[in-house]
Structures are given as structure tokens and as C-alpha cells.
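The lines below spell out each chain.
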Amino acid sequence: MPFVAVLLAVLLATPALAAGPEDEVAPLQETTGAGLFTVGNTLFAVLHELAHGLIAELDLPILGNEETAADSIAALLMIPSEPNPFRRRLILAATRGWATSADIADDADAQKSGASEFWDIHVRDIDRYRATLCLLVGSDTRAGRALAARIGMNESDVDLCRTAYANADEAFERLTAPFRRRKGAGGGRIEVVYDDDPAFQAERGLMRRAGSVRRAIADLTARIALPNDLTVHFTACDGGINAWWDPDTRTVEVCYELVAYYEDLAPFDETAGGEE
Ligand SMILES: [Zn+2]
């Protein structure tokens, strides 16, 4: 399903981030500030759409809303299993993206009837924010506990989030157990393709340099033996701000316009770098 429920027509006029040389991949920790926000939100969108792909390719049963299940899988794939401050910042950036777009949606709702929003298959952005943050807090890392204290969650809320994380993690483990990749065994690959578009050199350069999509995909394909090869395809969409799973071509299509949208949305100036 399309990733962004409400398409905004406004894009950044002048992307501020320069593209690097073709094959240069700088260390992850060099991505900071608006770049980190953009990479974190784009990575979440890619993993959400890949989750739709996993559900289709592995024929995973879904009880409830597939959009919510895809969000849970994306969050599980983004939450680091070992302490990793940079990866934690990436998923925090994604939660801030939901909070910011929820504010925008509130403003838009004030000016129109809420009927179309009511029937949107995605839950509200503020709920996506709460659910993703809850899984991060509930992952029971030291960082999760520190985050809970910082945002003022009480102990019973933290306990509910621990249960939510444990339930989601166990469900994903059990559902994907038949597809666990054994050491040395084969499995489908996921190729990441970045179209070379003159209008989106900054977005292409940022995503390639950060390397976060490539790393997340390496983790996923090391863990799960896919029955088919898949593709993640970054491309220009003639103004469309979106990402989606195409079952016919087994491709996650990601519009460069979505990457530019996150650059525009970046609500804070976080200057701290990663520590990976
Ligand atoms: Zn979706």
C-alpha cells in the first residue's frame, strides 16, 4: 500500500546536501542533523514496504491491519539487537517524522471534513508514532529505559510497551522460523538500485553515502532465506511523494520525492553524530 497517506505538494526548492563520488560510502556516523532525519524516515519507509513484500513472498498470515503489521516489522528490523546509538537515532528520527506529520495532518483536518481520513487504511500518524516509540522503549535495552524516563513514561506504560515488543518480536520470529537462513544456504538477494536523476542528485548521494538501506537489507537477507530476488528501486515519480511494494515486479519503489519530502520535514537541528 502507498506509504504516505496525505500527499503534500510542497517540495524543497533547494536540496542542501551534496552528492558524493559514485562508489564512496562514508561511515554511517557522518550522517547527522537533517540528513539523519531523512535517512531514518526513508529507511523506515523502505522497510515498511519490504515488510509488505515479505508478507506476500513468505505468505505470512496477518491478523488485523496489514499496514500496522508492516509498521511493526519495519520497527523490529530497525531496532538494534546490540546497543548501537546511531541505529537508535535512525528509528527515533522515524518516530519524530510521524509526530511531525501528525501535526501537519491535524492542521489539514481543521480545514476539511475528516471522512477520507477516517477510511484511510493506515492508522493515524500519531498512532504510528506512539506504536513505533512504544516498541523502541519496550525493546528493553538500557537506551530504551533512558528514553522512557526522558519522555516521562510511567512504569506501567513501559511494562505495556515491553509486552508489545515481546509479542511482536515473538510473532515475527515464529512466522519467519520456517524461512530461517541456515549457514551457507542460499536465498534470494535484494538489490538496491538508485536511478541517476539530475533533479535528485542530493537525495541519491545522501542515501548511498549513508548506506543504511544496504546494511538493513544485509541483516534481513542474512536472517531470512527469501524464495525470490527482490529489488529496492529509488526513482523520480513525476512529483509523487510515495513508496510502495509492486508484487508483479517484486520491487519496492521509492520516490526520490519522498526522500526530499523528509528533508523538508526535518523539524530539528540535531548536531550530534553517531558513535558506531
Ligand atoms: Zn503499507
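Below is a summary of the structure that appears in this document.

Conventions adopted
By convention here, each chain's residues receive numbers from 1 onward along its written sequence. The predicted nature of this model means local features are confined to residues of pLDDT at least 70 and side-chain atom pairs, given and counted, to a pLDDT of 80 or more, with totals for whole chains, interfaces and linings taken over all residues. Two strands make a pair as long as DSSP finds a minimum of two bridges between them. For the purposes of this entry, the term helix denotes a DSSP run of H or I that reaches at least four residues, the term strand denotes a run of E that reaches at least two, and both are numbered from the N terminus. Here the axes come from fitting lines to C-alpha atoms, over the contacting stretch only for helices, and the angles between their N-to-C directions go from 0 to 180 degrees. In this description, a residue-residue contact is defined by the distance between C-beta atoms placed from the backbone, which must lie within 7 Å. Exposure classes come from backbone-placed C-beta atoms, where a residue is buried if 20 or more other C-beta atoms lie within 10 Å of its own, exposed if 12 or fewer do, and partly exposed in between. The term nonpolar core refers to a group of buried residues, namely Ala, Val, Leu, Ile, Met, Phe, Trp, Tyr and Cys, whose C-beta atoms join them within 7 Å.

## What about the sheet that holds strand β1 (residues 190-194)?
Point 1. Strand order in the open sheet formed by four strands is β1-β2-β4-β3, with mixed pairing between adjacent strands. Lying at the two open borders of the sheet, with one neighbouring strand each, are β1 and β3 (243-246). Put simply, the sheet's adjacent strands are angled 15° from each other on average, direction ignored.
Point 2. Of the strands in this sheet, β2 (230-235), β3 and β4 (251-255) are in contact with helix α1 (residues 33-57), which crosses β3 at around 20°.

## Topic: unusual backbone geometry
Point 1. Not every positive phi belongs to a glycine, and Asp59 is a case in point at roughly 55°.
Point 2. Looking at where Asp59 falls in the secondary structure, it is placed in the loop between α1 and α2 (66-78).
Point 3. The exposed category is assigned to Asp59, around which 9 C-beta atoms lie within 10 Å.
Point 4. With a phi close to 50°, Arg250 is a non-glycine residue in the positive phi region.
Point 5. One can find Arg250 in the loop between β3 and β4.

## Remarks on the pairing of β3
Point 1. Where β3 meets β4, four bridges bridge the pair, whose relative direction is antiparallel. What sits directly across from Trp245, in β4, is Val252.

## Comments concerning the nonpolar core
Point 1. Judged by nonpolar contacts, the single largest core of 65 residues is most densely connected at Val46, Leu47 and Met78.
Point 2. At 12 residues, the largest contribution of residues to this core is made by α1.
Point 3. With near-sequence residues (within four places) excluded, Leu47 lies in contact with Ala74, Leu77, Met78 and Ala216.

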